[in-house]
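Residue strings, one per chain:
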Amino acid sequence: MSTTEEKHWLVRPKTIRGLWVGGIAMLIMLVLADFFIHPHPYFGIDGSFGFYSWYGLITCVAMVIFAKALGIFLKRKDTYYDDE
Amino acid sequence: MTMNDFPPALVLLLGACLLPLVGKNIRPVLILGLPLVTLGLVWNLPDGSFANLSMFSYQLNFIHSDSLSRLFATVFAIMTFAGGLFALKQKSDMELVAVFAYAGSAIGAVFAGDLISLFIFWEIMAVASTMVVLSVGSKICNQVSMRYFQVHMLGGSLLLVGILMHIHATGSTAFTVMEPNSLGTILILMGFLINVAAPPLSAWLSDAYSEASFSGTVFLSAFTTKTAVYVLLRGFPGTEILIFIGVFMIFYGIIYALLENDMRRILAYSIVNQVGFMVTGIGIGTEMAMNGVAAHAFAHIIYKALLLMSAGSVLYMTGKRKCTDLGGLFQSMPITTICGIIGALAISSFPFTSGFISKSMISQSAADAELAVVWFFLLAASAGVFLHAGIKFPWFVFFQKDSGLRPPDPPWNMKLAMIFFSALCIGIGVWPETLYSKLPYPVTYIPYTVTHVVNMLQLLMFSGFAFFIMLPLMRRTLTITLDFDWLYRRAFPVVLQNTFSAIWKADHAIRQVFLRKFNQSLSFLSRRYQGPSRLLSRTYPAGSMVMWVAVILAIYLLLSFVH
């Protein structure tokens, strides 16, 4: 892409800022939606306020960190098997 | 012999034989027409057993038709049609022939009513799928296909021995529900589990599926693992160990996909993840779980093929496969991007996609069976799917940084195949009743309640939020992650090599010692007995030799008289 050509509208800083603001507003609304729905929990805790929100966030962060930690031991250069 | 006695599998198997013989104009007709003929035959089959055959006093039953076998055969035929459309411009005849034999034998395995015919189709599948990888023709693919083949031959051998023991023990060849309580049935279960990519032999999947051609992988993703899911559903429902294996597969798939840089390896690991949901469901084994597994397999084949089609299109147009080389493709490949995103939403079970109405049945069955730990694991895994496949794949391939690549969308046939499968992903999600009515048990489950939709959106959106705040940790590197195949690609060869070189060294040393001793004794003897008129250097007159020859001949003569 030449420098004079304008960037695609989706990757302009202004759009990206807008997406972040919109995204976070949506997250807040989704959490608040718990006030309006009737939870039918199977095991108790899953009916508490905001359960699906924090559970999704925390488990995902945990999985990324676990993967990262495992990577320390198991990652190799992608030419590792090239001499076969 | 009626029309029902014609095995639908034969259409594609015979088609595989015909394909290399016909001209360029007829080939597309066969590629697109034969799967539709198969579909027609499958839909026309009533419940029951057909195509029975007696061979060496064993009963073979090539068509065991019920709602479950027809459901799997249906999605296999649809898959062959759409995959054929996608692969229409594939230049390799060998791949197309292999693919048709592969799809045909998968349908054959699904309809098999006895263990012997199941084994026959199982092995044709193994050979045909190896040929799909081999048809690429590169040195890497030769090596990969041999590794793939060896794993499946091991699985096939376990299965064969298990089947023979089982038939010997029960006297029946019928393929019915089994308990893994005898050596025979345990071996059968192990044979099935190898094809479902259960640990520890799971790496064959990501190893082979990332090396096949742009179209080959689309087919590979559909048949082997899902046929294995089908036979587990039929043979081992409610086997508790499957819950543990399934949950392991779910998280193994997520973690490895998170670490992966090759776009098709990301999707390959996510197959293991999705099949893990199905294996868990089979382990739970209630009617709700079985329905969920069947529905999820159906939905999964379509959205996974769609994802691999969009990855295949990128590979076809750019020749690149690593996330580190890709990015920003949405600008020039809008259709591929949108179809890829639809597949990604479906695999993440986003509301109004096929994954939402199928996977939630498996979670529900865990809750109904009061398996709290399993349920919490499945929920975390649902969030994890969005993380590793739902966002990671489209983000790194189509968005991320600008790689500067501006390839156009792929040719019309590939676009059409992707649009067709995108429509199915959404169609099944919006009108789940169509799929629900084809499931083995009556469905009372209602996927669309406000609570369920909102909860799922909360889970997924916060998973997505986690992805973007953790983005610095997810930066792609030029790395691979060691998997179970390290054992047979590195550890065993190195151990064996070192063992043998140690043995050879020892052997060499022993020979050397022996030779030295031997030489020493020879030279000792020669020193001792050589020299004028010693034992080894005495001279004998020629006459004495002649005399001894005469004596020997005389003894000979004498012996001949004695005889």
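Residues numbered from 1 in each chain as written. Chains lettered and ligands numbered in written order. Predicted model: local features only at pLDDT ≥ 70, side-chain atom pairs only at ≥ 80, totals over all residues. Heavy atoms only, no water.

Trainee: Any chance you could break down the overall build of chain A for me, citing the residues and the numbers?
Mentor: Across its full length, chain A carries two helices and one strand. In chain A, the succession of α and β elements from N to C terminus is α-α-β. Its C-alpha atoms give chain A a radius of gyration of 21 Å, clearly above 12 Å, the size a compact globule of 84 residues would have. Its C-alpha atoms give chain A principal-axis dimensions of about 55 × 45 × 15 Å. Accessible surface, chain A as shown: approximately 5,800 Å² in total, 71% of it carbon and sulfur. (Helix = DSSP H or I, 4+ residues; strand = E, 2+ residues; numbered from the N terminus. Rg over C-alpha atoms; globule rule 2.2 N^0.38 Å. Areas by Shrake-Rupley, 256 points an atom, 1.4 Å probe, with all protein chains shown as cover.)

Trainee: How would you sum up the interface of chain B and chain A? Please name residues and give values.
Mentor: Counting from both sides, the interface comprises 56 residues of chain B and, opposite them, 46 residues of chain A. Here chain B packs against chain A, burying approximately 4,700 Å² in sum over the two surfaces, 72% of which is carbon and sulfur. Together, B:F462, B:I480 and B:R490 form the three largest contributors to the area buried by chain B at its contact with chain A, with a combined 14%. Summed over the shared surface of chain B and chain A, the result is one salt bridge. Where B:K322 meets A:D78, a salt bridge forms, and the shortest distance between an N and an O atom there is 3.1 Å. At the surface where chain B touches chain A, the tally comes to twelve residue pairs in polar contact (both at pLDDT 80 or more). In terms of residue count, helix α18 (residues 450–469) of chain B provides more of the side of chain B that touches chain A than any other element does, 14 residues in total. Grouping the constituent residues of the side of chain B that touches chain A by class yields 35 nonpolar, twelve polar and nine charged. (Contact = heavy atoms within 4.5 Å. Buried area = accessible area lost by both parts, 1.4 Å probe. Salt bridge = Lys/Arg side-chain N within 4 Å of Asp/Glu carboxyl O. Polar contact = N/O pair within 3.5 Å; in protein donor to acceptor, adjacent residues only side chain to side chain. Nonpolar A, V, L, I, M, F, W, Y, C, P; charged D, E, K, R; others polar.)

Trainee: Run through helix α19 (residues 485–529) of chain B, naming residues and quoting values.
Mentor: Residue and element names in this part refer to chain B. Given a rise of 1.5 Å per residue, 45 residues ought to cover 66 Å, and the 64 Å separating the end C-alpha atoms of α19 matches this to within 8%. Remark: the principal bend of α19, roughly 30°, maps to A491, with a proline, P493, within the next four residues. Restricting attention to buried positions, one finds in α19 the residues D485, R489, R490 and A491. Buried residues belonging to α19 abut α6 (139–170) and α8 (203–209). Following α19 by one or two positions, G531 adopts a phi angle in the positive range, close to 115°. (Expected span 1.5 Å × (residues − 1). Bend = angle between axes of the 7 residues up to and from the residue. Buried < 20%, exposed > 50% of the residue type's maximum accessible area, 1.4 Å probe, protein only.)

Trainee: Can you break down the side chain of B:Q274 residue by residue, with the values?
Mentor: Residue and element names in this part refer to chain B. Counting through the fold element by element, Q274 comes out in helix α11 (residues 263–284). Engagement of the side chain of Q274 in a polar contact is seen with the side chain of N273, the distance being 2.8 Å. Those residues in contact with Q274 that lie beyond four places of it in its chain are H296, H300, Y303, I347 and V385.

Trainee: So, the confidence of the model for chain A: which residues are in play, and what are the values?
Mentor: Overall, the prediction assigns chain A a mean pLDDT of 86, with 94% of residues at 70 or greater. When pLDDT is averaged over each helix and strand of chain A, the minimum, 88, is found for strand β1 (residues 75–77) of chain A and the maximum, 93, for helix α2 (residues 51–74) of chain A. (pLDDT = per-residue confidence, 0-100.)

Trainee: Which residues make up the side chain of A:D46, and what are the values?
Mentor: In this structure, A:D46 sits in the loop between α1 (13–32) and α2. It is B:K359 that comes nearest to the buried, bridge-free A:D46 among opposite-charge side chains, at 16 Å. Contacts of A:D46, omitting those with residues within four sequence positions, involve A:P41, A:F51, A:Y52 and B:W375. (Lys, Arg positive; Asp, Glu negative; His and termini not counted.)

Trainee: How would you sum up the pairing of strand β1 (residues 48–55) of chain B? Please name residues and give values.
Mentor: All names here are of chain B. As judged from the seven bridges shared by β1 and strand β2 (residues 58–65), these two strands associate in the antiparallel manner. Bridge pairing in β2 places L53 opposite L60. Between β1 and β2, which pair antiparallel and follow one another directly, the connecting turn spans two residues, one of which, F56, has a positive phi of 50°. (Pairing = 2+ DSSP bridges.)

Trainee: I'd love a proper account of a nonpolar patch on the surface, names of residues and values included.
Mentor: A contiguous nonpolar surface patch, about 920 Å² in accessible area, is contributed by A:I16, A:W20, A:I24, A:I28, A:L32, A:F35, A:F36, A:F49 and B:I469. The element that contributes the greatest number of residues to the nonpolar patch is α1(A), accounting for five residues. On the accessibility criterion, A:W20 (38% relative accessible area) is partly exposed. (Patch = residues over 30% accessible without salt bridge, like charges linked within 9 Å, V, L, I, M, F, W, Y side chains within 5 Å.)

Trainee: Explain the environment of B:T324 to me, and be specific about the residues and the numbers.
Mentor: All names here are of chain B. Tracing the backbone shows T324 in the loop between α12 (287–318) and α13 (334–347). Residues T324 and Y441 lie 117 residues apart in sequence; the distance between their C-alpha atoms is 46 Å. What T324 contacts, discounting residues up to four positions off in sequence, is N261, K401, R476, T477 and L478. Among the polar contacts listed, one links the side chain of T324 to the side chain of N261, at a separation of 3.1 Å.

Trainee: Can you explain the state of the cysteines? Please cite residues and give values.
Mentor: Inspection of every chain in the model, using the stated rule, returns zero disulfides over all chains. Lacking any disulfide linkage, A:C60 is separated from the closest cysteine sulfur, that of B:C323, by 18 Å. (Disulfide = S-S within 2.5 Å.)

Trainee: I'd love a proper account of the packing of α2(A) against helix α10 (residues 241–259) of chain B, names of residues and values included.
Mentor: Running from N to C, α2(A) and α10(B) point in directions that differ by 70°, and their axes come no closer than 9 Å. With respect to α10(B), the element α2(A) is oriented roughly perpendicular. For α2(A) against α10(B), the interelement crossing comes out right-handed. Contact with α2(A), carried on its side by A:M63, A:V64, A:F66, A:A67, A:L70, A:G71 and A:L74, involves B:F251, B:I254, B:I255, B:Y256, B:L258 and B:L259 of α10(B) and no other residues of that element. Taken together, the residues of the contact of α2(A) with α10(B) break down into twelve nonpolar, one polar and no charged. (Axes fitted to C-alpha atoms, helices over the stretch in contact; angles between N-to-C directions. Parallel < 35°, antiparallel > 145°, perpendicular 65-115°, else oblique. Left-handed = near helix turned anticlockwise from the far one by under 90°.)

Trainee: Describe in detail the confidence of the model for chain B, supporting the description with residues and values.
Mentor: On average, residues of chain B carry a pLDDT of 92, and 99% of them reach 70 or more. Scored as a complex, the prediction yields pTM 0.89 and ipTM 0.90.

Trainee: Now, about the nonpolar core: what can you tell me, with residues and values included?
Mentor: Most often, soluble globular proteins have nonpolar side chains that are buried together. Residues and elements named next belong to chain B. Judged by nonpolar contacts, the single largest core of 203 residues is most densely connected at F72, F192, V196 and Y209. There are two domains that each give this core at least three residues, and those are domain 1 (1–230) and domain 2 (237–475). What F72 contacts, discounting residues up to four positions off in sequence, is V110, K226, V229, Y230, L233, A294 and A297. (Core = buried A, V, L, I, M, F, W, Y, C linked by side-chain atoms within 4.5 Å. Domains from an automatic or database assignment.)

Trainee: I'd like a description of the packing of helix α3 (residues 67–86) of chain B against helix α9 (residues 216–235) of chain B, backed by residues and values.
Mentor: Relative orientation and spacing of two packed helices are given, respectively, by the angle between their axes and the distance between those axes. All names here are of chain B. Viewed as axis vectors pointing N to C, α3 and α9 meet at an angle of 175°, and their least axial separation amounts to 10 Å. Between α3 and α9, the interaxial angle falls into the category roughly antiparallel. Between α3 and α9, the contacting residues are L68, S69, F72, F76, M79, T80, G83, G84 and F86 on the first element and V218, F219, A222, F223, K226, T227, V229, Y230, L233 and R234 on the second. Here the contact of α3 with α9 is composed, by residue class, of twelve nonpolar, five polar and two charged.

Trainee: I'd like a description of the pattern of salt bridges, backed by residues and values.
Mentor: For side chains of opposite charge, pairing can occur when their charged atoms come near one another. Residue and element names in this part refer to chain B. Taken as a whole and assessed by the stated rule, the structure comprises twelve salt bridges over all chains. One salt bridge connects R489 with D207, and the closest N-O pair in it is separated by 3.6 Å. Note that R489 is positioned in helix α19 and D207 in helix α8, a separation of 282 residues in sequence. The class of R489 is buried, set by a relative accessible area of 13%. Salt bridges sharing common partners tie together R147, D207, D485 and R489.

Trainee: Provide a residue-level description of the environment of B:A509, including the pertinent values.
Mentor: Residue and element names in this part refer to chain B. Checked against the element boundaries, A509 lands in helix α19. Judged by relative accessible area, which is 40%, A509 ranks as partly exposed. Taking the C-alpha atoms as reference, A509 lies 72 Å from G429; in sequence the two are 80 residues apart.

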